[in-house]
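# Residue-level structure breakdown
Each chain, letter by letter, is given below.
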Amino acid sequence: MKWYEGKIETESENADIAAARLLDFGIEGVEIIDEYENMRFIEGHPSNWDYVDDALLVSEKGLAVVKFYLPEDAKDSMNDIQEALGGFGRVDFTLVEDDWSEAWKAHYKPFKVGKSIMIVPAWEDYVQESGEIVFKIEPGHVFGTGQHQSTALCIAALEKHMSRGAKVLDIGCGSGILSIIGLLLGAAFAIAIDIDPSAEKVCLENAGLNNISPENFKVSTGNILADKGLYGEVAQSKYDVIVANIIADVIIPLAPITKGLLARGGIFICGGIIKDRSDEVLGALVGAGYKIIEIATQDEWVAVVASYGA
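This section reports on the structure supplied with the text. Being a predicted model, the structure only gives us computed values, none of them experimental.

## Quick notes on unusual backbone geometry
- The backbone of asparagine 211 shows a phi angle near 60 degrees, a positive value even though the residue is not glycine.
- Within the secondary structure, asparagine 211 is located in the loop between helix H8 (197-209) and strand E10 (217-221).

Dropping the structure here:
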């Protein structure tokens, strides 16, 4: 199968922001090649190197390349990405025939998130150890493999705050990783929604991999901010936990909407927030009447846990 390799050439300080913007297009598999970080590592470990070309380091200082992949039929997405991210620097696409979609599996091994959650790819044989909760996943081409810092922060928050018998709403569900892990942690029912139609198929496949009954898990496609019908459908229940691992620009308008969907004392877990935008998100949550319970960070990413009506 052929794929398009995308490259965004930008300044080092913008690389994480550009990678975060790619989440809007359902792209999580991003590689950042940051020459500035390479230089800092080399300078900090001089005894590890016999020779480094100083001229090369100077010429590359401050530059980064953000790499990602799109299927061959994603012409519309390519144009949208170039328009949305062109401000960060040059955006190029190259058609490649390497079967990277299979090759990357060799590097995707079982790993732990939080205290007890093991993320296990569907093609791996894994023997569950005592006390572990195993989530099996076939990632597909939507966001949510568990490897991204924002997803890991949200999983840790779910593990800490999930109560048995809870109802969960997962907004921007991607692969369904958060809502399904919520069910594995003891939730009784979960609704997962995403604007990407391909997410529904991937979510249901992952639910099947984890022996989740269709009676306990529902997936819908749409934009809860713009689709009144979808909002009305979701609003037929109240939720003990709402999780949204998206971006600040979506979480901010979600703040006043989600409080009407929460059961009394329910919690709202927000992820996908870059540190530079965290104050805006916190302000929106407090302005909507939420009480901030905790703020967790990993690298340049922030997750917030807030409660309402407690």
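## Some remarks on helix H4 (residues 75-85)
- Among the residues of H4, Met78, Ile81 and Leu85 are the ones counted as buried. Down the axis of H4, the buried side of the element spans an arc of 65 degrees, and every buried residue falls inside it. The exposed residues of H4 that point more than 90 degrees off its buried face are Asp76 and Glu83.
- Tucked inside the fold, the buried residues of H4 contact strand E1 (3-11), helix H1 (15-22), strand E3 (63-71) and strand E4 (90-96).

## Section: the environment of methionine 78
- Its place among the elements puts methionine 78 in helix H4.
- You can call methionine 78 buried: its relative accessible area is 9%.
- Put simply, methionine 78 and phenylalanine 93 are 15 residues apart on the chain and 7.9 Å apart in space, counted from C-alpha to C-alpha.
- Apart from residues lying up to four places away in sequence, methionine 78 is in contact with Tyr4, Leu70 and Phe93.

## Some thoughts on the sheet that holds E1
- Spatially, 4 strands are ordered E2-E3-E1-E4 in an open sheet, and the strand pairing comes out antiparallel. For this open sheet the edge positions go to strand E2 (31-34) and E4, each flanked by a neighbour on one side alone. Averaged over all neighbouring strand pairs, the angle between strand axes comes to 20 degrees, with direction disregarded.
- As paired strands, E1 and E4 are joined by 7 bridges and run antiparallel to one another. From the neighbouring strand, glycine 6 faces E4, where its bridge partner is phenylalanine 93.
- Strand contacts of H4: E1, E3 and E4, with the helix running at about 160 degrees to E4, the strand carrying the most contacts.

## Structural notes on the nonpolar core
- If you look at the biggest cluster of nonpolar residues, it comprises 35 residues, and the most contacted ones within it are Ile119, Ile155, Met162, Ile181, Phe217 and Ile269.
- Those residues in contact with isoleucine 155 that lie beyond four places of it in its chain are Val113, Ile117, Ile119, Ile177, Leu178 and Ile181.
- The next biggest cluster of nonpolar side chains, apart from the first, holds 30 residues, and it includes Ile193, Tyr239, Ala284 and Val304.

## Looking at the packing of helix H10 (residues 248-258) against helix H11 (residues 278-287)
- Close contact between H10 and H11 brings their axes to 8 Å; oriented N to C, the two are set at 10 degrees. When the axes of H10 and H11 are compared, the pair comes out roughly parallel. Here Ala248, Ile251, Ile252 and Ala255 of H10 come into contact with H11, specifically with Glu280, Val281, Ala284 and Leu285.
- Of the residues belonging to the contact of H10 with H11, the class tally is 7 nonpolar, no polar and 1 charged.

## Regarding the pattern of salt bridges
- For the coordinates displayed, the defined rule picks out 10 salt bridges.
- Between lysine 7 and glutamate 5 there is a salt bridge whose closest N-O contact spans 3.9 Å.
- One network of salt bridges, with partners in common, ties together Glu5, Lys7 and Lys67.

## A word on the sheet that holds strand E5 (residues 111-113)
- With mixed pairing, 3 strands are arranged side by side in an open sheet as E5-E6-E7. A strand with exactly one partner marks an edge of an open sheet, and here the two such strands are E5 and strand E7 (133-137). Sheet twist, expressed as the mean angle between neighbouring strand axes with direction ignored, is 30 degrees.
- Where strand E6 (residues 117-121) meets E7, 5 bridges bridge the pair, whose relative direction is parallel. Bridge assignment links isoleucine 119 to a residue of E7, and that residue is phenylalanine 135.
- The strands touched by helix H7 (residues 177-184) within the sheet are E6 and E7, with E7 carrying the most contacts at an inclination of about 145 degrees.

## Considering the layout of surface pockets
- Its volume calculated, the second largest pocket comes out at about 190 Å³.
- Forming the boundary of the second largest pocket are Ile17, Ala20, Arg21, Ile247, Ala248, Asp249, Gly272, Ile274, Asp276, Arg277 and Trp301.
- If you list the elements that add at least two residues to the lining of the second largest pocket, you get H1, H10 and strand E12 (262-274).
- Looking at which element gives the most residues to the lining of the second largest pocket, the answer is H1, with 3 residues.
- Considering only residue class, the lining of the second largest pocket consists of 6 nonpolar, 1 polar and 4 charged.

Cut-offs and rules
- Residues numbered from 1 in each chain as written.
- Predicted model: local features only at pLDDT ≥ 70, side-chain atom pairs only at ≥ 80, totals over all residues.
- Heavy atoms only, no water.
- Helix = DSSP H or I, 4+ residues; strand = E, 2+ residues; numbered from the N terminus.
- Buried < 20%, exposed > 50% of the residue type's maximum accessible area, 1.4 Å probe, protein only.
- Arc of directions from axis to C-beta.
- Contact = heavy atoms within 4.5 Å.
- Pairing = 2+ DSSP bridges.
- Axes fitted to C-alpha atoms, helices over the stretch in contact; angles between N-to-C directions.
- Core = buried A, V, L, I, M, F, W, Y, C linked by side-chain atoms within 4.5 Å.
- Parallel < 35°, antiparallel > 145°, perpendicular 65-115°, else oblique.
- Nonpolar A, V, L, I, M, F, W, Y, C, P; charged D, E, K, R; others polar.
- Salt bridge = Lys/Arg side-chain N within 4 Å of Asp/Glu carboxyl O.
- 1 Å grid on protein atoms, 1.4 Å probe; cavity = no way out; pocket = protein on both sides within 12 Å on 5 of 7 lines; lining within 4 Å.
- Points joined across faces, edges and corners; volume = space filled by probe spheres on them.

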